[in-house]
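For reference, the chains in residue letters:
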Amino acid sequence: MEAARAESVGLAGAAQDVSNESERALIEAAQGGDPDAFEQLVRLYDRSVMRVTMNVLRSPEDARDAYQEAFLKVYRKLDTFRFQCSFHTWLYRIATNVCLDQLRRKGVRKEHTVDDRDDEFGLNPLQTAADGRPESAPDRVYEGRDLGRRIEGALEELSPKERMVFELRHYEGLRLRAIGEIVGISEEAAKNSLFRATRKLRGALGEAG
Amino acid sequence: MSETREQQIDLYLYGEMPYADRDAFEAEIGGSEELAQQVETQRKFLRAMNEREPAEVSEALLAECRHDLMREIYRERQGVPAAAAAGPGWWARFIEGLNGMRVAWQPTAAVALLALGFWGGRMAPGVLTGVGGSNQASFVGEASDPVGGDVRSVEFSPESGGVEIVLEQRRTIRGNPDDPLIRGLLISNVQSPNSGVRLETLEALQPRTEDSDIRTALISVMLGDDNPGVRLKALEMLAAHRAQPEVRDALVESLRRDPNAGMRVQAVDLLTDAADREMVGTLQELVRDEQDNYVRYKVERLLHDMSASVDLY
């Protein structure tokens, strides 16, 4: 996956092409209709796909549906994959789109664009609300026993895209450039989504900053 | 704090700041107590975000998902839409046809069916099972078709009378651990339910700890494996990388929460060579909270070596 990630951030080189040979062979065999090769590809990547879907959707049932939908799309579209990006990036793009669709269907806050960020910041109650709770002192705020639940609640307040970018950067450790490729936005837009997400989360968790 | 400043701090803490800017920013942090405090507050916030309970991806869940997926793909390959698959099969339609016959023809059709079965059995012995000699099942297809493996699921359709058996085949894969396929399998296998297999997997990964994905997997094992022997092995493998911030943070985390005092001693020993001023507060808290005298003594010595106070003010 290191190789795939490196490629996704534009570090592909000759040596890496060699190390990707067996993955390429698997993909080509799967494109040729070999179900075993496809199953091996699934096994290679499905744990990380499942982890992302579980983290983003927070429901095992939804995550299972997303897993199924994502890999079926991969199977049906596999013959259109032309090795122009890493398979990992391509697969993640499909899986994150499925998750984003699910989040949107569930009615998680409206999407935001880069253009509306100033307005949004000005109006965002999470960011501006004065927090009078006793636990909002900087050093104590993160110590509550219900912190995990509060984090969940705060994450649900993010727009689907912000949430996805935050998940991929903070919890999956992907670089912003790779996240941009996966989510289908520029690196700069991914950066802005991350900023908006961390700002809202800080506000929601009572950190005035 | 201005929006630009917040963004700079986020970029810095996420390691996304360009190197040139990073040096200048670190110099700025060193010269401004206020900025250093802001960075620390944001660092605490980002660490706190890790308190969210991580999603558990169990082997059982993955196995079920793979099964559902491969079954669906099998259906697609056969050109059987899911809805049609549940409909009546050819046998059901045949029986239905028999029922619709005039009563006088039914015995004749039954005899014809019997004769067809007898003839079929004689003419195609390889197709049917248990006729005459062998009790072993054989299958339609090429004689060399090696069908075998553990049965993962059996699904019987009362409507069609058909059965679908999903087998899980054992495969042996040989190759260089640097091969992406093998490497991926090894990394995912550090979560194997069998602790012996987990240890062997770590052995295979031993010479490859330069790889950041492998280090991430090792950190997760060191902090999360329920077997202390496996955790210790992961810790030993990370020893050479103790100067890396993520490894150092993980060692501090292990020192804070590992239930095994031996592990905590190992962690503090490694931290002795990778001391960082940022750890001082945590180490002081440990001196206050640590129940094991020897571990506490080691932490006190570490603080002493760092010229830091043992007490928490």
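Everything below is about the structure printed above this text.
As the structure is a prediction and not an experimental result, all values here were calculated from the model.

**Points about the overall build of chain B**
So, step 1. Within chain B, the regular secondary structure consists of 15 helices and two strands.
So, step 2. A buried classification covers 19% of the 313 residues belonging to chain B.
So, step 3. Within chain B, contacts between residues at least 6 apart in sequence are counted, and of these 49% link residues at least 24 apart.

**Some points on the overall build of chain A**
So, step 1. If you tally the helices and strands in chain A, you get twelve helices and zero strands.
So, step 2. What you see in chain A, going N to C, is helices and strands ordered as α-α-α-α-α-α-α-α-α-α-α-α.
So, step 3. Relative to its full complement of 209 residues, chain A shows a buried share of 40%.
So, step 4. For chain A, the proportion of contacts with a sequence separation of at least 24, taken over those separated by at least 6, is 68%.

**Looking at the nonpolar core**
So, step 1. Within the largest apolar cluster, 54 residues are counted, with the highest numbers of intra-cluster contacts made by C99, V165 and I179 of chain A.
So, step 2. Among the elements that take part in this core, helix α4 (residues 35-57) of chain A stands out by supplying eleven residues, more than any other.
So, step 3. In terms of nonpolar packing, the next biggest core, distinct from the first, is built from 31 residues, I187, L205, I219 and A250 of chain B among them.

**Describing unusual backbone geometry**
So, step 1. For F83 of chain A, which is not glycine, the phi dihedral falls at a positive 60 degrees.
So, step 2. For F83 of chain A, the position within the fold is in the loop between α5 (60-77) and α6 (87-105).

**Focus: helix α9 (residues 195-205) of chain B**
Residues and elements named next belong to chain B.
So, step 1. The complete set of buried residues in α9 reads R198, T201, L202 and L205. Projected down its long axis, α9 shows its buried positions confined to an angular sector of 100 degrees, all on one face. Residues of α9 that are exposed and point more than 90 degrees away from the buried face comprise G196, V197 and E203.
So, step 2. Where α9 is buried, its residues meet α8 (180-189), α10 (212-224) and α11 (228-238).

**Remarks on the interface of chain B and chain A**
So, step 1. Counting residues at the interface gives 35 residues for chain B, matched by 42 residues for chain A.
So, step 2. Where the side of chain B that touches chain A is concerned, the elements lending two or more residues are α1 (3-13), α3 (33-48), α4 (59-77), α8 and α10 of chain B.
So, step 3. Per-element accounting of the side of chain B that touches chain A gives the leading share, ten residues, to α4 of chain B.
So, step 4. In terms of residue class, the side of chain B that touches chain A is built from 15 nonpolar, five polar and 15 charged.

**Here we look at helix α9 (residues 147-156) of chain A**
Residues and elements named next belong to chain A.
So, step 1. By the burial criterion, the buried members of α9 are R150, I151, A154 and L155. Considered in projection along α9, the buried side chains sweep an arc of 135 degrees and stay on one side of the axis. Within α9, the exposed residues directed more than 90 degrees away from the buried face are R149 and G153.
So, step 2. Contact partners of the buried residues in α9: α10 (160-171) and α12 (187-204).

**Remarks on the packing of helix α3 (residues 21-31) of chain A against α4 of chain A**
Packed helices, taken two at a time, are described by their axes: the angle between them and the distance between them.
All names here are of chain A.
So, step 1. With their axes 7 Å apart at the nearest point, α3 and α4 run at an angle of 135 degrees to one another. Relative to α4, the element α3 lies oblique. Like other packed secondary-structure pairs, α3 and α4 cross with a definite hand, here left-handed. Residues L26, I27, A29 and A30 of α3 form the contact with α4, whose participating residues are A37, F38, Q40 and L41.

**Comments concerning the packing of α5 of chain A against α6 of chain A**
Residue and element names in this part refer to chain A.
So, step 1. Two elements in contact, α5 and α6, have axes separated by 9 Å at closest approach and are oriented at 135 degrees. As far as their axial angle goes, α6 and α5 are oblique. Between α5 and α6 lies a crossing whose hand is right-handed. Contacts from D62, A66, E69, A70, K73 and V74 in α5 reach L91, I94, A95, V98, C99 and Q102 in α6.
So, step 2. When the residues that make up the contact of α5 with α6 are grouped by side-chain class, the tally is eight nonpolar, one polar and three charged.

Calculation criteria
Residues numbered from 1 in each chain as written. Chains lettered and ligands numbered in written order. Predicted model: local features only at pLDDT ≥ 70, side-chain atom pairs only at ≥ 80, totals over all residues. Helix = DSSP H or I, 4+ residues; strand = E, 2+ residues; numbered from the N terminus. Buried ≥ 20, exposed ≤ 12 C-beta atoms within 10 Å, placed from the backbone. Contact = placed C-beta atoms within 7 Å. Core = buried A, V, L, I, M, F, W, Y, C linked by C-beta atoms within 7 Å. Arc of directions from axis to C-beta. Nonpolar A, V, L, I, M, F, W, Y, C, P; charged D, E, K, R; others polar. Axes fitted to C-alpha atoms, helices over the stretch in contact; angles between N-to-C directions. Parallel < 35°, antiparallel > 145°, perpendicular 65-115°, else oblique. Left-handed = near helix turned anticlockwise from the far one by under 90°.

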